[in-house]
Amino acid sequence: MEEMKTIPAAPEGETVKLDEAYVVAKIEQIMAESEHLRKTLEVLQNQTMSGEAVIGIGNMIEARERTNQAMIDLLKRIVVDKL
C-alpha cells in the first residue's frame, strides 16, 4: 500500500492528507472565492471612484489572481507527484 505523506495543518496541529480529494476541495475553494470577486466587481461598476481607488482595486485583483495561479500550480504538482 502506498504511504500517504502529510503536512501539519495550522493552527490546530492536525494533519492534512494530500490526496486528490484535498486538491479538488482546494480548487473548488479558489473558484468560490473568484465568484465572490466577480460579484464585488459588478457592485463596483455602479460606483463612482477616484482613479487611485480604481488602480488600487486593480492591483489587489491582479495580486490575488497571481496567488490563485500559484496555488493551482502547487495543487497540480501535488497530484502529479502523488505526495
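Just so you know, the residues in each chain are numbered from 1, in the order the chain's sequence is written. Residue-level local features of this predicted model are given only where pLDDT is at least 70; pairs of side-chain atoms are given and counted only at 80 or more, and the full residue set underlies all totals for whole chains, interfaces and linings. Remark: hydrogens and water are excluded; side-chain values derive from all non-hydrogen atoms of the structure.

Trainee: Can you walk me through the overall build of the protein in this structure?
Mentor: Helix numbering and strand numbering both begin at the N terminus, where a helix is a DSSP run of H or I of at least 4 residues and a strand a DSSP run of E of at least 2. The number of helices and strands found in the protein is 2 helices and 2 strands. Of the regular secondary structure in the protein, the N- to C-terminal order runs β-β-α-α. When each of the 83 residues of the protein is scored for burial, the buried share is 8%. Long-range contacts, defined here as pairs at least 24 residues apart, represent 50% of the contacts in the protein between residues at least 6 apart. Here, Shrake-Rupley sampling with a 1.4 Å probe gives the accessible areas, and only protein chains in the shown set may cover a residue. Carbon and sulfur atoms form 57% of the exposed surface of the protein, whose accessible area is close to 6900 Å². Three exposure classes are used, based on accessible area relative to the maximum for each residue type with a 1.4 Å probe and protein chains only: buried under 20%, partly exposed in between, and exposed over 50%. Contacts between residues were defined by any pair of non-hydrogen atoms, one from each residue, lying within 4.5 Å.

Trainee: Looking at this model, I keep getting lost on the confidence of the model for the protein. Mind explaining?
Mentor: When pLDDT is low, close inspection of the predicted coordinates is not appropriate. pLDDT gives the predictor's per-residue confidence on a scale running from 0 to 100. Scored by pLDDT, the protein comes out at a mean of 78, with 86% of its residues at no less than 70. Per-element averaging of pLDDT across the protein places strand 1 (residues 6-8) at the bottom with 52 and helix 2 (residues 51-81) at the top with 87.

Trainee: Can you walk me through the nonpolar core in this structure?
Mentor: Taken as a class, soluble globular proteins show a tendency for nonpolar side chains to be buried jointly. The definition of a nonpolar core used throughout is a set of buried Ala, Val, Leu, Ile, Met, Phe, Trp, Tyr and Cys residues joined through side-chain atoms within 4.5 Å. In this structure, Leu 18, Val 23, Ile 30, Leu 75 and Ile 78 together form the largest nonpolar core, which totals 5 residues. Residue assignment for this core shows that the elements contributing at least two residues are helix 1 (20-45) and helix 2. In this view, Ile 30 contacts Asn 68, Met 71, Ile 72 and Leu 75; residues no more than four positions away in its chain are not counted.

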